[in-house]
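Structural overview
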Amino acid sequence: LLRHNALESRMFFVATVPRGESGGPDEEGVGWVHLEVPELDKLGDTAELTMGVLAEYRGNGIGTRLLERAVEWAGQRGLEKLYQSVPATNEAGVAFLEDRGWEREAVRADHYRIDGDHVDEVMLARRLGP
């Protein structure tokens, strides 16, 4: 899915699986990755990435493939760095990214409020080019 504008600054890739014989569309979305390139010149070599895979489909390579496709898209556009921020309580998400070459750049203390508790934000990044 592409938001059509002159900059092509946003991209979504969606993972689907065949539906059962329940009717409706032939496939259902089970995962996604979204990239957004800031429309500021000074940030034009970067993109923010967010992603998710439904819990029952994790561990099947869907997230890995979505992430690979996002990195490929970013590289084809000459982007140099991707970044993503996640709550520190999302240990599986942080580990997933670190296992695929992402590095922690910073932690913002008490950035999120989740279930009434303050939670740190882990800021991760992956360099693609110079």
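Not measured: the values here are computed from a predicted model.

**Points about the overall build of the chain**
When helices and strands are tallied, the chain shows two helices and six strands. Each helix and strand of the chain, ordered N terminal to C terminal, gives the series β-β-β-α-β-α-β-β. Every one of the 130 residues in the chain was classed for burial, and the buried ones make up 32%. Put simply, the chain shows about 8,200 Å² of open surface, and 47% of that area lies on carbon and sulfur atoms.

**A few points about helix H1 (residues 62–76)**
If you check H1, its first and last C-alpha atoms are 21 Å apart, about what 15 residues at 1.5 Å a residue would give, namely 21 Å. Taken together, the buried positions of H1 are Ile-62, Gly-63, Leu-66, Leu-67, Ala-70, Val-71, Trp-73 and Ala-74. Here the buried residues of H1 occupy an arc of 165° about the axis, which is enough to place them on one side. Where the residues of H1 are buried, they touch strand E1 (10–18), strand E2 (27–36), strand E3 (46–53), strand E4 (81–87), helix H2 (91–98) and strand E6 (117–127). After H1 finishes, the residue Gly-78 shows a positive phi value of roughly 75°.

**What to know about the confidence of the model for the chain**
Per-residue confidence for the chain gives a mean pLDDT of 89; residues scoring 70 or more make up 88%. Mean pLDDT per element in the chain: E1 is the minimum at 90, and E6 is the maximum at 97.

**Things to note about the pairing of E4**
The element E4 is largely enclosed, with a buried count of five among its seven residues. With three bridges joining them, E3 and E4 adopt parallel strand pairing. Looking at the pairing, Thr-46 lines up with Lys-81 of E4. Once the chain exits E3 it traverses H1 before rejoining the sheet at E4, and the crossover so formed is right-handed. In the sheet, E4 pairs with E6 via seven bridges, with the strands oriented antiparallel. Pairing of Lys-81 across the sheet is with Arg-127, part of E6.

**Overview of the pairing of E6**
Regular strands have side chains that alternate between both faces of the sheet. Bridge count between strand E5 (residues 103–114) and E6: eight bridges; the pairing is antiparallel. Considered in E6, the bridge of Val-107 is made with Val-122. If you look at the hairpin formed by E5 and E6, you'll find two residues sitting between the two strands, and Asp-115 has a positive phi there, around 50°.

What counts, and where the lines are drawn
Residues numbered from 1 in each chain as written. Predicted model: local features only at pLDDT ≥ 70, side-chain atom pairs only at ≥ 80, totals over all residues. Heavy atoms only, no water. Helix = DSSP H or I, 4+ residues; strand = E, 2+ residues; numbered from the N terminus. Buried < 20%, exposed > 50% of the residue type's maximum accessible area, 1.4 Å probe, protein only. Areas by Shrake-Rupley, 256 points an atom, 1.4 Å probe, with all protein chains shown as cover. Expected span 1.5 Å × (residues − 1). Arc of directions from axis to C-beta. Contact = heavy atoms within 4.5 Å. pLDDT = per-residue confidence, 0-100. Pairing = 2+ DSSP bridges. Right-handed = clockwise from strand over helix to strand, strands pointing away.

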